[in-house]
Amino acid sequence: MKRRTLSGSCGVGFFVLAFGFIAIAFATPSWLVSDYRITGAKLERLGLWVHCFRSLPDVNDDSQRRFFVGCRWVYDPFTTGYDEIRGFLLPGFMIATQFFFTLAFVGMLVSAIGVLVFFLCAGPDQKHFVKLIRAIGFTVLGAGVCASLAVIIFASLGNRNNWMPEHANNWFGWSFILACVGAVTALVAGTLFLTECYVQKRKRTLFKESQTRFEMMHGGK
């Protein structure tokens, strides 16, 4: 019996792509970017965890004497006043985006261990081979669903009015595009692994049936 069929090999390839796209999108701050041609823009770019501002006025300072400039981790405890605008920086939809995309990233990390075992070590002769493929398939598919929910939420609300300044001059950046591609690729990878699970299970059943018939034929003689 072959160790992997075409669906399994393609599943590994799509998984590698999805893992790369999701990991890069998770770590990079270009989910929403400002038009670089506008010199007076307050926002430069932002991601799930890092915000970069050119000159963002403190929304809690009515006198407009405090401005935030440069890139900062969204949970930065050292910048004066930054914790006070965290409610503005992280509205409910942004927290939901972080939550679902973090689940997707963790799911891909966990799946990476299983994919390595599947690709390098496991074979059809091993007892839990089909269970391994099924676990990989459902985990990757779940990660793809979580990533899809994250990008749908952010696409619906990330560039709305009354959040980031000058929203008409902002657009979704390359990190967000990678997140979208990673979500779709993860869904494809999960589907391919589940297809591989079905094929391997079917092959194992046919192999056992052929063995049974062979033993019955020779037992009868």
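Residues numbered from 1 in each chain as written. Predicted model: local features only at pLDDT ≥ 70, side-chain atom pairs only at ≥ 80, totals over all residues. Heavy atoms only, no water.

The name that an unreviewed UniProt entry assigns to the protein chain is PMP-22/EMP/MP20/Claudin tight junction, with the source organism given as Musca domestica. Under Subcellular location (unreviewed entry), UniProt gives the following word-for-word description of the protein chain: "Membrane". (UniProt positions renumbered as here; feature names shortened; annotations may be inferred.)

With that out of the way, let us pick up the pairing of strand 2 (residues 43-46). By the bridge criterion, two bridges tie strand 1 (residues 32-34) to strand 2 in an arrangement that is antiparallel. Paired with V33 across the two strands is R45, which belongs to strand 2. Note that strand 2 and strand 3 (residues 50-57) share three bridges and pair antiparallel. When the bridges of strand 3 are listed, L46 appears paired with H51. (Pairing = 2+ DSSP bridges. Helix = DSSP H or I, 4+ residues; strand = E, 2+ residues; numbered from the N terminus.)

What follows is about the packing of helix 1 (residues 6-27) against helix 3 (residues 92-120). Where helix 1 meets helix 3, the axes come as close as 10 Å, and the angle between the chain directions of the two elements is 145°. At the point where helix 1 passes helix 3, the crossing takes the left-handed sense. Contacts between helix 1 and helix 3 involve G8, V12, F15, A18, F19, I22, A23, A25 and F26 from the first element and F101, T102, F105, M108, L109, S111, A112, V115, F118 and F119 from the second. Residue composition of the contact of helix 1 with helix 3, by class: 16 nonpolar, three polar and no charged. (Axes fitted to C-alpha atoms, helices over the stretch in contact; angles between N-to-C directions. Left-handed = near helix turned anticlockwise from the far one by under 90°. Contact = heavy atoms within 4.5 Å. Nonpolar A, V, L, I, M, F, W, Y, C, P; charged D, E, K, R; others polar.)

With that out of the way, let us pick up helix 1. Here helix 1 contains 22 residues, and its C-alpha end-to-end distance of 32 Å stays within 8% of the 32 Å for a straight helix at 1.5 Å per residue. Buried within helix 1 we find S7, G8, G11, V12, F15, A18, I22, A25 and F26. Taken down its axis, helix 1 places every buried residue within 165° of arc, on the same side. Set apart from the buried face of helix 1 by more than 90 degrees, the exposed residues are L6, V16 and A27. (Expected span 1.5 Å × (residues − 1). Buried < 20%, exposed > 50% of the residue type's maximum accessible area, 1.4 Å probe, protein only. Arc of directions from axis to C-beta.)

Further remarks concern the UniProt feature "transmembrane region" (unreviewed entry) in the protein chain. Listed under "transmembrane region" (unreviewed entry) in the UniProt record, and renumbered for this structure, are residues 12-33, 99-123, 135-159 and 171-194. Taken end to end, residues 171-194 is 88% helix and 8% strand, and its two terminal C-alpha atoms sit 36 Å from one another.

On to the environment of M164, then. Along the chain, M164 turns up in the loop between helix 4 (129-157) and strand 5 (170-172). M164 gets classed as buried once you look at its relative accessible area, which sits at 3%. Taking C-alpha positions, M164 is 9.4 Å from L56, a pair spaced 108 residues apart along the chain. Those residues in contact with M164 that lie beyond four places of it in its chain are L32, L43, L46, F53, F88, L89 and N170.

Phi at N162 is positive, roughly 70°, even though this residue is not glycine. Mapped onto the secondary structure, N162 falls in the loop between helix 4 and strand 5.

Attention shifts here to the pattern of salt bridges. Throughout the structure, instances matching the rule amount to two salt bridges. A salt bridge links K42 to E166; its shortest N-O distance comes to 3.8 Å. Of this pair, K42 sits in the loop between strand 1 and strand 2 while E166 sits in the loop between helix 4 and strand 5, placing them 124 residues apart in sequence. In this structure K42 comes out as partly exposed when scored by relative accessible area, which is 28%. The shortest N-O distance in the salt bridge between E44 and R45 comes to 2.8 Å. (Salt bridge = Lys/Arg side-chain N within 4 Å of Asp/Glu carboxyl O.)

The strand order 4-3-2-1-5 describes an open sheet built from five strands, whose pairing is antiparallel. The sheet is open, and its two edges are formed by strand 4 (67-73) and strand 5, each paired on a single side. Here the average twist between neighbouring strands, direction ignored, is 20°.

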